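Chain and residue survey
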Amino acid sequence: MGTLLIHGGRVLRPDMTVVDADVLVDREAGDIVAVGPDLSGDETLNADGGLVIPGLVNAHTHVAMTLLRGHADDKPLDRWLREDIWPVEAALEPGDIEAGAELGVLEMIRSGTTAFADMYFEIDRTAAVVERAGLRARLGHGAISAGKSEAAARADIEESVEMARRFDGAADSRISTAVMPHSLTTVTPDLLSLAAEGAADAGVPVHYHANETADEVDPIVEKRGRRPLMWAQDLGLCRESDFLAHGVHLDGDEIDLLAETGTGVVHCPASNMKLASGMAPIQRLLDAGVTVGLGTDGAASNNDLDLFDELRDAAMLGKLAAGDASAVAAPDAVRMATAGGAAVLGIDAGRIEPGAAADLAVVDLDAPHLTPDHDLVSHLAYAVNGSDVRHTVCDGQVLMRDREVLTLDAAAVMARAERRARDLVARAD
Ligand SMILES: CSC[C@H]1O[C@@H](n2cnc3c(O)ncnc32)[C@H](O)[C@@H]1O
Ligand SMILES: [Zn+2]
């Protein structure tokens, strides 16, 4: 297989400085072997006029929900799920999940994302898409007790553990897994504990939604007499490898708990704004030393999977939440979308240096909205769009070259998703 040389560009280093350099990749091992001037390799990817960055990490999504993009907007979380989303999801077929996952993965590759965490149903279908599309993912079967008998809810958690065992290490280890109970309010306490035990036995993390809305936090405080994350810790859900989505409504003790336990937080600013869930205290989390990544959440609450949008939203909303224009500065936002997300997912990526995974994107800087180039980290946070990505590389393989995705047939993926989405919604009516 030999080496791949990413040649002629500027390179974003882990300390957020930018240098003129080539990046040499071992395609067999899938890692970076050298960063520096005048390297040579077996195959070349042209990065002239471009900025080479770590591939972005979408640390929380429901990728197949691309089929529900634009299906239901402008409602708060609880009504949106109960009135619009869950009724349609009840009609999902495995082929819908595969079509939606393909569409989402296509969108992510085209916008420079090389790794994602996914909570959904029929994860064998998502795993098959990840395997052939070539990116990296931590997948989990989303288990939910709401609306189910005790036996069915238990079986759902058992399925989450079983799927985590079955797919961990699949696709040449590009796929890892987690046990994924939906949330602290939609899964019963006994089953949350069962999820934690099953994950510990299987040697995988637990991933769940937590503290997303005030309506979700208040009943736990009333019923359990403690903050949701203190209660989650008692249930075994705050180990170092575990990670939660949202963390919008957190008090100081919960922030300290996250920092002490090493539990990761995935910030989903667009979803939090669209559902009016609130503003996560991101600068406070960063100051406390909490590991924070970024996620789009599903395409039905975003409504796209472009992590550059998320980067900009995180920087902007972080300032608003803190009442301080210096909060969540550009380098912090870029770090959350790269190294932060990789740390949350437990993958050795998110930075360009020898030894790290060769998960990379090349951003084309030759565009009016990226001119002049005073500060390229500022551009990454505030001005770059997913459509500026020229090449995407994961595990040393080129997934997109000159905006052509090599591992998926884009036209066929879009046509299939369009058809599946239309039939799904008609079936659910
Ligand atoms: C059980 S699989 C995942 C489940 O989560 C739903 N979902 C999508 N977005 C959100 C969100 O922001 N908070 C909580 N749950 C969400 C999705 O529709 C699936 O039913
Ligand atoms: Zn979610």
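Quick caveat, the model's predicted, so the values are computed rather than measured. (Residues numbered from 1 in each chain as written. Chains lettered and ligands numbered in written order. Predicted model: local features only at pLDDT ≥ 70, side-chain atom pairs only at ≥ 80, totals over all residues. Heavy atoms only, no water.)

Bringing the overall build of the chain into the picture now. Of the regular secondary structure elements, the chain holds 14 helices and 20 strands. Taking 22 Å as the expected radius of gyration for a compact globule of 429 residues, we find that the chain reaches 21 Å, a close match to that expectation. Seen through its C-alpha atoms, the chain measures out along the principal axes to roughly 65 × 45 × 40 Å. For the chain, with 429 residues in total, the buried portion stands at 58%. Nonlocal contacts in the chain, meaning residues at least 24 apart in sequence, comprise 72% of its contacts between residues at least 6 apart. Here the chain displays about 15700 Å² of accessible surface, and carbon together with sulfur accounts for 48% of that area. Charge centroids of the chain, computed over 36 positive and 72 negative side chains, lie 3 Å from each other. (Helix = DSSP H or I, 4+ residues; strand = E, 2+ residues; numbered from the N terminus. Rg over C-alpha atoms; globule rule 2.2 N^0.38 Å. Buried < 20%, exposed > 50% of the residue type's maximum accessible area, 1.4 Å probe, protein only. Contact = heavy atoms within 4.5 Å. Areas by Shrake-Rupley, 256 points an atom, 1.4 Å probe, with all protein chains shown as cover. Lys, Arg positive; Asp, Glu negative; His and termini not counted. Charge placed at Lys NZ, Arg CZ, Asp CG, Glu CD.)

Before going further, it helps to spend a moment on the UniProt feature "domain: Amidohydrolase-related" (unreviewed entry) in the chain. Annotation from UniProt places "domain: Amidohydrolase-related" (unreviewed entry) at residues 51-398. Helix makes up 44% of residues 51-398 and strand 17%, and the two end C-alpha atoms of the span are 16 Å apart. (UniProt positions renumbered as here; feature names shortened; annotations may be inferred.)

Not every one of the 18 residues close to ligand 1 is listed here, only the nearest: Trp86, Glu89, His182, Glu212 and Asp297. The side chain of Trp86 places a nitrogen or oxygen atom 3.0 Å from an oxygen atom of ligand 1. Between ligand 1 and Glu89, the relevant distance is 2.6 Å, taken from an oxygen atom to a side-chain nitrogen or oxygen of the residue. In the complex, 99% of the free accessible area of ligand 1, which totals 450 Å², lies under the protein chains. When residues of the shell around ligand 1 are traced back to their parent elements, those giving at least two are α1 (77-89) and β9 (113-120). (Near = heavy atom within 4 Å. Polar contact = N/O pair within 3.5 Å; in protein donor to acceptor, adjacent residues only side chain to side chain.)

For the rest of this paragraph, the subject is the sheet that holds strand β19 (residues 397-401). One open sheet holds the seven strands; their spatial order is β3-β2-β7-β17-β18-β19-β20, and the pairing between them is mixed. The open sheet is flanked by β3 (18-20) and β20 (404-405), the only strands paired with a single partner. Where β19 meets β20, two bridges bridge the pair, whose relative direction is antiparallel. Paired with Met400 across the bridge in β20 is Val405. (Pairing = 2+ DSSP bridges.)

A word on the coordination of the zinc ion (ligand 2). Only His60 (NE2), His62 (NE2), His209 (NE2) and Asp297 (OD) from the protein coordinate the zinc ion (ligand 2), and they sit 2.1 to 2.2 Å from it. Considering all four donor atoms around the zinc ion (ligand 2), the spread of angles at the metal, 86 to 161°, places the coordination shape in the irregular class. We note that the donor set of the zinc ion (ligand 2) lies within a single chain, spaced as H-x1-H-x146-H-x87-D. One end of the pair, His62, is in the loop between β8 (56-61) and α1; the other, Asp297, is in the loop between β16 (292-294) and α11 (307-322), and 235 residues separate them in sequence. Asp297 carries the same exposure label as His62, and that label is buried. (Donors = N, O, S within 2.8 Å, 3.2 Å for Na, K, Ca; no water. Tetrahedral: all angles 85-135°; square planar, octahedral: opposite > 155°, others 65-115°.)

As enumerated under the stated definition, the model contains one aromatic pair in all. Their ring planes at 50° and their centres at 4.7 Å tell us that Tyr120 and Phe121 sit as a pair that is tilted. For Tyr120, a relative accessible area of 5% gives the class buried. (Phe/Tyr/Trp six-rings, centres within 6.5 Å; stacked < 30°, edge-to-face > 60°.)

This next bit is on the side chain of Thr392. Structurally, Thr392 is set in strand β18 (residues 389-394). Residue classification places Thr392 among the buried residues on the basis of a relative accessible area of 0%. Apart from residues lying up to four places away in sequence, Thr392 is in contact with Ile109, Gly112, Thr113, Thr114, Leu360, Ala361, Gln397, Val398, Leu399 and Met400.

In the numbering used here, UniProt assigns the "binding site: Zn(2+)" (unreviewed entry) feature to His60, His62, His209 and Asp297. Spatial clustering of the annotated residues is evident: they stretch over 238 residues in sequence, but the largest pairwise C-alpha distance comes to 11.9 Å. With respect to the element layout, His60 can be found in strand β8. The contact partners of His60, leaving out residues within four places of it in the chain, are Ala117, His207, His209, Ala245, His246, Val266, Cys268, Leu294, Gly295, Thr296 and Asp297.

Before going further, it helps to spend a moment on the pairing of strand β10 (residues 136-143). Within β10, eight of the eight residues are buried, leaving the element largely enclosed by the surrounding structure. Alignment of β9 against β10, held across six bridges, turns out to be parallel. Its bridge partner being in β10, Phe116 is matched across the sheet by Ala137. Between the parallel elements β9 and β10, the chain passes through helix α3 (residues 123-133) in a crossover that is right-handed. Relative to strand β11 (residues 175-177), β10 runs parallel, the two being bridged by three bridges. (Right-handed = clockwise from strand over helix to strand, strands pointing away.)

On to the side chain of Glu212. Inspection of the secondary structure puts Glu212 in the loop between β13 (207-210) and α6 (214-224). No salt bridge is formed by the buried Glu212; the nearest opposite charge belongs to Arg82, separated by 11 Å. Those residues in contact with Glu212 that sit more than four places away from it in its chain are Leu77, His246, Val248, His249, Ser271, Leu275, Ser277 and Asp297. (Salt bridge = Lys/Arg side-chain N within 4 Å of Asp/Glu carboxyl O.)

This brings us to the nonpolar core. Core analysis: the largest hydrophobic core is formed by 112 residues, its most contacted members being Val105 and Leu184. The biggest single contributor to this core is helix α2 (residues 94-110), with seven residues. Split by domain, this core shows at least three residues from each of two domains, domain 1 (3-54 + 356-405) and domain 2 (58-345). Look past the residues within four positions of Val105 in its chain and what remains in contact with it is Val63, Phe116, Val129, Ala133, Leu135 and Leu408. Counting 17 residues, the second largest nonpolar core, distinct from the first, contains Ile352, Leu360, Val362 and Val393. (Core = buried A, V, L, I, M, F, W, Y, C linked by side-chain atoms within 4.5 Å. Domains from an automatic or database assignment.)

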